[in-house]
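Structural overview
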Amino acid sequence: MPSHLPDAPPQSERTAVSGCTSRVPPGTDSRLSPPPIVRSRKSLRTTDSPINFYIQKALETPGLISLAAGLVDEGSLPCEAVAQACQAVLLDPRRGPAALQYGSTQGLPRLREQVLHLLGQADGCSPHELNLTPDDVVLTTGSQQLLYLLAEVLLDPGDIVLTEAPSYFVFHSVLQSHGVQVLGVPVDEGGLCLPALEELWEQLARQGAAERVKLLYTVDYFQNPTGWTLAAERRPQLLELVQRFSRRQRVLVVEDAAYRELRYEGPDLPSLKSLDRDNRWVVYAGTFSKPCAPGLKCGYALLPPEIREPILHLKGNHDFGSAHLVQHLLAELIDRGEYQRQRDRLRPLYRHKRDVMLDELAATLGQEAGIRWSRPAGGLYVWLAFADLDTGPQGALAQAALEEGVLYVPGEFAYLPADGERPPHHACRLSFGVATPEQIREGIRRLHRAVRRVRHSTGTASAGQLNSPAVPPRGTVA
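Reference entry: report on the structure contained in this document. (Residues numbered from 1 in each chain as written. Predicted model: local features only at pLDDT ≥ 70, side-chain atom pairs only at ≥ 80, totals over all residues. Heavy atoms only, no water.)

Focus on the overall build of the protein chain
Rule in force here: Only DSSP runs of H or I covering at least 4 residues are called helices, and only runs of E covering at least 2 are called strands; the numbering of each starts at the N terminus. Note on exposure labels: buried denotes an accessible area under 20% of the residue type's maximum, exposed denotes more than 50%, and partly exposed covers the range between, all computed with a 1.4 Å probe on protein chains only. Each accessible area is a Shrake-Rupley result for a 1.4 Å probe, and residues are judged covered by the shown protein chains and nothing else.
The secondary structure content of the protein chain amounts to 15 helices and 17 strands. Per-residue burial for the protein chain yields a buried fraction of 53% across its 478 residues. Summed over all atoms, the accessible surface of the protein chain reaches about 21,600 Å², with 52% contributed by carbon and sulfur.

Structure (structure tokens):
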């Protein structure tokens, strides 16, 4: 027995799952009334992502058209190509057993080399020019695992993370579970508004809080939820700003490029990582889910050397490495050119779906006052903003839309409340990923009927004097 045990936390800090703090009286049968299970403070800060409700609702409700969840087009999934790759790998007497054996925590060397080659192709430069090698690549179980591992390695309660506002709300859930403060920076059609970012950073410096900033998170290609892309001229300026405000500690930029390969219009833009020639400032997070198949559940990260080993140590505690067979399959798909062909097939498919959605928005909601939307050049999302309607989960529009048989994601999920105030709630995210063109048209018509119902009930149906949306987005004016 140890001579001294550490003091237990006060009873007020020990919270039980049941919420009950009573003890079982002596002589009571503990099988009938067991003591409570005490959860960690981190667990108590962790909540379910709101998108899970919308996925479940869509699956459980026949006839409901979901324009909510960012699922991919099912008819385009490369079943035959994956089956052929699986056969090629498993029937190979050398590769088959290797693919079914444990792999390394960092991931299959061949696939890490291919990741570097694909990034170099996209950015028009060699890995050597970027000071990158396969050792700088870590393969993860989807890009979501990478985001969680980064938070575990870098963040403590009370630290500050800067994100776009609106931003990818699933990462918000990760940040909340770590007890950090998330501060949003407005976005427009050109991505992060850099003057607003600089002003926020200067304000933090005046308050003595700038040293608490650890990460700046951006979805810089066809952003989730708005569909906007960080403009070419803002990319070097963003890195310069981060470097200028990294005084006592380095602030890392997390470049979430999940949608980069789903570009179907305009030129590709250089990644922030390609501007980070010393591999010191940018964590580049990518995924094979959106451009290939989510069921393969494989992502990757290019990491500065100082955090690569800490990430691997933590990942080793998670899983000893992501699914090895999946990594072999992806390497085979890339070697055969099937991955590249799948990516190229998806671009015109999603462009057509986007055009269908935009055309239907113009034909229906375009006839209503005070409604605007974004026009993405890639990705899966359109951001729809209203001057007068509450789009929140408890608002009249969400209920009316559900009654009409269509789902959207309330825009307020993409913001975090400040000082207890309700986040902006006059916009919503529409996804055209999984719905067919016919479902997209019908879904927008149903949403239009819901809008007219709510406006009629509130007396704003003919509001020709409606103001501009009271939320940051500025998209195509219908």
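Resuming the write-up.
Side note on the packing of helix α14 (residues 396–404) against helix α15 (residues 437–458)
The condition that has to hold: Between the N-to-C directions of two axes lies an angle of 0 to 180 degrees, each axis being a line fitted to C-alpha atoms and, for a helix, fitted only over the stretch in contact. Here the angle decides the label: under 35 degrees means roughly parallel, over 145 means roughly antiparallel, 65 to 115 means roughly perpendicular, and every other value means oblique. Left-handed describes a crossing whose near helix is turned anticlockwise from the far helix by less than a right angle; the clockwise case is right-handed. Contacts: residue pairs with any heavy atoms within 4.5 Å of one another. Note on residue categories: nonpolar means Ala, Val, Leu, Ile, Met, Phe, Trp, Tyr, Cys or Pro, charged means Asp, Glu, Lys or Arg, and polar means any other residue, Gly included.
Between α14 and α15, the shortest axis-to-axis distance is 8 Å and the interhelical angle comes to 135°. Between α14 and α15, the interaxial angle falls into the category oblique. α14 and α15 meet at a crossing whose hand is right-handed. Between α14 and α15, the residues in contact are Ala396, Leu397, Ala400, Ala401, Glu403 and Glu404 and Arg446, Leu447, Arg449, Ala450, Val451, Arg453 and Val454, respectively. Its residues assigned to classes, the contact of α14 with α15 comprises eight nonpolar, no polar and five charged.

Here's the deal with the sheet that holds strand β4 (residues 137–140)
For clarity, the threshold we go by: Any two strands are treated as partners once DSSP identifies two or more bridges connecting them.
If you walk across this open sheet you meet the eight strands as β4-β11-β10-β9-β8-β5-β6-β7, and the pairing is mixed. Since the sheet does not close on itself, it has two edges, and those belong to β4 and β7 (191–192), each with one partner. Here strand β10 (residues 282–287) runs beside strand β11 (residues 299–302); their pairing, made up of four bridges, is antiparallel. Residue Thr287 lies in a different strand from β11, and its bridge partner there is Gly299.

Digging into the side chain of Gln340
Here Gln340 shows up in helix α13 (residues 338–363). A relative accessible area of 19% places Gln340 in the buried class. Not counting residues up to four positions away in its chain, the partners in contact with Gln340 are Leu333 and Ile334.

Looking at the pairing of strand β16 (residues 427–431)
With five of five residues buried, β16 lies mostly within the body of the structure. In β16, alternate side chains face the same way, and those of Ala427, Arg429 and Ser431 on one face and Cys428 and Leu430 on the other are all buried. When strand β13 (residues 381–386) meets β16, the two strands line up antiparallel, connected through five bridges. Looking across to β16, one finds that Val382 is bridged to Leu430. Bridging between strand β15 (residues 409–410) and β16 involves two bridges; their strand directions are antiparallel. Paired with Val409 across the two strands is Arg429, which belongs to β16.

A look at the pattern of salt bridges
Which entries qualify depends on this criterion: Take a side-chain nitrogen of Lys or Arg and a carboxyl oxygen of Asp or Glu: if they are within 4 Å of each other, that pair is a salt bridge.
Under the counting rule described, the total for this entry stands at 38 salt bridges. Linking Asp159 and Lys214 is a salt bridge whose minimum nitrogen-to-oxygen distance equals 2.8 Å. Linking Asp159 in the loop between α6 (142–154) and β5 (160–165) with Lys214 in strand β8 (residues 213–218), this pair joins segments that are 55 residues apart in sequence. Between Glu404 and Arg453 there is a salt bridge, and its shortest N-O distance comes to 3.2 Å. Taken together, the residues Glu404 in helix α14 and Arg453 in helix α15 connect sequence positions 49 residues apart. Given a relative accessible area of 38%, Arg453 falls into the partly exposed group. Several salt bridges converge on common partners, so that one network encompasses Glu360, Glu403, Glu404, Glu442, Arg445, Arg446, Arg449 and Arg453.

Some words on the side chain of Ser246
As a reminder of what qualifies: Whenever two N or O atoms come within 3.5 Å, that pair is a polar contact, provided that in protein one can donate a hydrogen and the other can accept it, and provided that, for residues adjacent in sequence, both atoms are side-chain atoms.
Among the structural elements, Ser246 can be located in the loop between α9 (234–245) and β9 (252–256). Note on Ser246: relative accessible area 15%, which makes it buried. Of note is the side chain of Ser246, whose polar atom sits 2.8 Å from the backbone oxygen of Val242. One polar contact links the side chain of Ser246 to the main-chain amide nitrogen of Val251, over a distance of 3.0 Å. Beyond its immediate chain neighbours, meaning those up to four positions away, Ser246 contacts Val251 and Trp281.

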